[in-house]
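Close look at the chain arrangement
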Amino acid sequence: MAKSLRPAYQEYINDSNTLGILVMEEPKLSRFDGIVLIVVSDSDQPSQVEHYEIEGRIIAVNVITEGLLMEWIGVSGYDSIIEWIIYGEKVFERDDFIQNLKEQARDLPQTKRDLLKTMVFGRLMKSYDEAKGLYESSQYKDANNKMFYSLYHLARLAVIENGYYPEMAIWNQVKQIDLEIYKLYEEFIEGNEPIEKRIQLMIIAMDHVISSRAKVAVKHLLDVMEKNTAWSFADLAESQAIMPYRLHLTDIVSYLAEKDVIETILEKTSDADMYKRKYILKQENVNDIC
């Protein structure tokens, strides 16, 4: 198919601004018959998408700058991009760009891994707290939905822990690398118990799994907190390093304080009855991350 789609990308091959071109033939998780990914060094529009029809086949042509692409595969959770890079057919590259891109997509560096783990852990805690809250208020169907998303984020966390980028077919990945999480998922979706009982059992199981993985999952945040003595929440939220997961910082910090991973210090204010909460990394955790 790649050659038959050449009219969709030919002009970019002749453009010195083009770094590489990939073609996905008949992608399974897409409405299109083919996807073309064109990476350029620079453009007034960082991302452009056009739809074409070639010999009755509908093709999506995605043109993206190198900078935005690296952002997407770095922290955005745009799983389809990873699949396009890994499984797409190279039809053009300049200076081994596509080859290097494929190698990068298959190997998640430790520094980026730590950041992604903390980001996903924040999403996990938010959906999990919502699942428990809905369960406790007897809203079982909504709790069931939130629990499903909690398992999804847990699956993504497991994949990242093992050094891979999550793909769209996440459970196929998890089945190969973390049977504990995969079995939790199977028990949840295939269990014969009443919905409220399944959620109750899953809360018990998830409490254990999350607790056992929390400290490793939030290493990025603990590394940031090590650089100061005590942090107010506002100071921590304004730290540039945690911007990628700032929206879920409350969920993460609240959980870590509850589980005694970080210590809470009460600081006096002008009101005798009010104290500002500050958070400090416990000494044993400083030793863990050194």
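In what follows, the accompanying structure is described.

Conventions and cut-offs
Residues numbered from 1 in each chain as written. Predicted model: local features only at pLDDT ≥ 70, side-chain atom pairs only at ≥ 80, totals over all residues. Heavy atoms only, no water. Helix = DSSP H or I, 4+ residues; strand = E, 2+ residues; numbered from the N terminus. Buried < 20%, exposed > 50% of the residue type's maximum accessible area, 1.4 Å probe, protein only. Lys, Arg positive; Asp, Glu negative; His and termini not counted. Salt bridge = Lys/Arg side-chain N within 4 Å of Asp/Glu carboxyl O. Contact = heavy atoms within 4.5 Å. Polar contact = N/O pair within 3.5 Å; in protein donor to acceptor, adjacent residues only side chain to side chain. Patch = residues over 30% accessible without salt bridge, like charges linked within 9 Å, V, L, I, M, F, W, Y side chains within 5 Å. Areas by Shrake-Rupley, 256 points an atom, 1.4 Å probe, with all protein chains shown as cover.

Digging into the side chain of D251
As for its position among the elements, D251 is in helix α12 (residues 249-258). Buried charge D251 goes without a salt bridge, the closest partner of opposite sign being K126 at 5.2 Å. Residues contacting D251, with those up to four places away along its chain left out, are G122, M125, K126 and D129.

Description of the side chain of D178
If you trace the backbone, D178 turns up in the loop between α7 (170-177) and α8 (179-190). Classification of D178 as buried rests on a relative accessible area of 10%. At 3.2 Å, the side chain of D178 and the backbone nitrogen of I181 are in polar contact. Excluding anything up to four places from it in sequence, D178 contacts A158 and R213.

Overview of the pattern of salt bridges
Side chains that carry opposite charge are capable of pairing whenever their charged atoms lie near each other. In total, this model carries 13 salt bridges according to the counting rule given. Measuring nitrogen to oxygen at the nearest pair gives 3.2 Å for the salt bridge that ties R57 to E55. Where E93 meets K90, a salt bridge forms, and the shortest distance between an N and an O atom there is 2.9 Å. Among the residues examined, K90 registers a relative accessible area of 41% and is labelled partly exposed. In the salt-bridge network here, residues are joined through shared partners; they are D114, K117, K219 and D223.

What about a nonpolar patch on the surface?
On the surface, a cluster of nonpolar side chains totalling about 260 Å² of accessible area is made up of F148, Y149 and I189. With respect to the helices and strands, the residue F148 is situated in helix α6 (residues 140-161). Looking at F148, the relative accessible area reads 31%, which means it is partly exposed.

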